[in-house]
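These are the residues of each chain, in order.
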Amino acid sequence: MPKLLTDEQVDRYHTQGAIAPIKVIEAEEADDFRRKFEDLEQEIGCEAQSKFRIKAHLPFPWLTKLTRNSKILDAIEDLIGPDIVVWGSSFFTKKANDHRFVSWHQDSTYYGFDPAESITAWVAFSDSTRETGCVRIIPGSHEGDAVMKHVETFDPDNLLARGQTIEGVDENEVVDLELRAGEMSVHHNKTVHSSMPNPSNMPRIGYAIHICAPHVRQTQFEGATGTLVRGEDNFGHWAPDIEAKEHMDPECLAALDVAWERYRTSMKAPYEQ
Ligand SMILES: O=C(O)CCC(=O)C(=O)O
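Residues numbered from 1 in each chain as written. Predicted model: local features only at pLDDT ≥ 70, side-chain atom pairs only at ≥ 80, totals over all residues. Heavy atoms only, no water.

Caption draft 1: Quick peek at the site of the ligand. Close to the ligand lie Phe92, Val102, His105, Asp107, Thr120, Trp122, Val135, His187, His193, Ser195, Arg204 and Ala208, which account for all nearby residues. Side-chain polar atom of His187 to an oxygen atom of the ligand: 3.4 Å apart, as the coordinates give it. In the environment of the ligand, an oxygen atom lies 2.9 Å from a nitrogen or oxygen atom belonging to the side chain of Arg204. Mapping the ligand onto the cavity grids shows that it belongs to the largest pocket. At the level of elements, β3 (102-105), β5 (118-124), β11 (193-195) and β12 (204-212) are the ones that each hand at least two residues to the shell around the ligand. (Near = heavy atom within 4 Å. Polar contact = N/O pair within 3.5 Å; in protein donor to acceptor, adjacent residues only side chain to side chain. 1 Å grid on protein atoms, 1.4 Å probe; cavity = no way out; pocket = protein on both sides within 12 Å on 5 of 7 lines; lining within 4 Å. Sits in = over half its atoms within 2 Å of the grid points. Helix = DSSP H or I, 4+ residues; strand = E, 2+ residues; numbered from the N terminus.)

This is how it looks when you write it as structure tokens:
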């Protein structure tokens, strides 16, 4: 018996490579996350998504707590089993009237995981709809290769670090993962996905938690870190991340820089190496 999802949702994840929507936090709590996020951007004077990369939760107790949210973890447990490692997280945000987009890509091509089995829990802090540029997927694309050819455009309007793009995607089958604030979608790291600009007057604020089971290991560099948030780790591939004791914890900020540098410099698709 699944803990949170229905049998139909579990089947859908396995056949389509994604599910949405899944309600994980109440609307008022989502508003609170949105306020904290907006306060943070006010405080740092720039976009959080360009400053806190790959392990965005590390310096913030409130975000670290969200990575342990029991509803999120129940849904993930229904899909990958009881042993769960949070190895990263990223903001994906578009302002109101924002022409930036995310090109068609596959997360697994760049992760370097063996096996290529990571899952993203994408939590909406504001409504993420067709109008605001929600995530969209090609259903069933996770059944293909873990490494698909991406062209690296480094387009400044692309929210991806390298502007990595799968060309020639057939968009006939696209499914939009529409969410209200407080809901999440999940996608498999092989699922081909993207998102369009946000021409609306509302910001679209998303927070993606990167998760795997402990038997999955990082092959592109030594010293990968991740936190066991549920169950047991019988493999030892992930040294625990340090936890924030305070807002903008300096030790965590330093660890975040080290982690991003490792990912940034090793983030090459295997066909380029
Ligand atoms: O939020 C978006 O528009 C894209 C998200 C994404 O690429 C991801 O979560 O892997």
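Caption draft 2: Seen up close, the sheet that holds β3. Strand order in the open sheet formed by four strands is β3-β11-β6-β9, with antiparallel pairing between adjacent strands. With one partner strand each, in any of the chains shown, β3 and β9 (175-176) form the two edges of the open sheet. The pairing of strand β6 (residues 135-137) with β11 spans three bridges and is classified as antiparallel. Considered in β11, the bridge of Arg136 is made with Ser194. (Pairing = 2+ DSSP bridges.)

Caption draft 3: Looking closely at empty space enclosed by the protein. Enumeration over the complete set of coordinates arrives at two cavities of 30 Å³ or more. Taken as a whole, the largest cavity spans an internal volume of roughly 70 Å³. Lining the largest cavity we find His57, Leu58, Thr64, Thr67, Arg68, Val86, Thr227, Val229, Asp241, Ile242 and Glu243. Looking at the lining of the largest cavity residue by residue, the classes come out as four nonpolar, four polar and three charged. Each pocket or cavity is described by its volume, and for the second largest cavity that value is around 30 Å³. (Points joined across faces, edges and corners; volume = space filled by probe spheres on them. Nonpolar A, V, L, I, M, F, W, Y, C, P; charged D, E, K, R; others polar.)

Worth remembering: the numbers are spatial, not functional.
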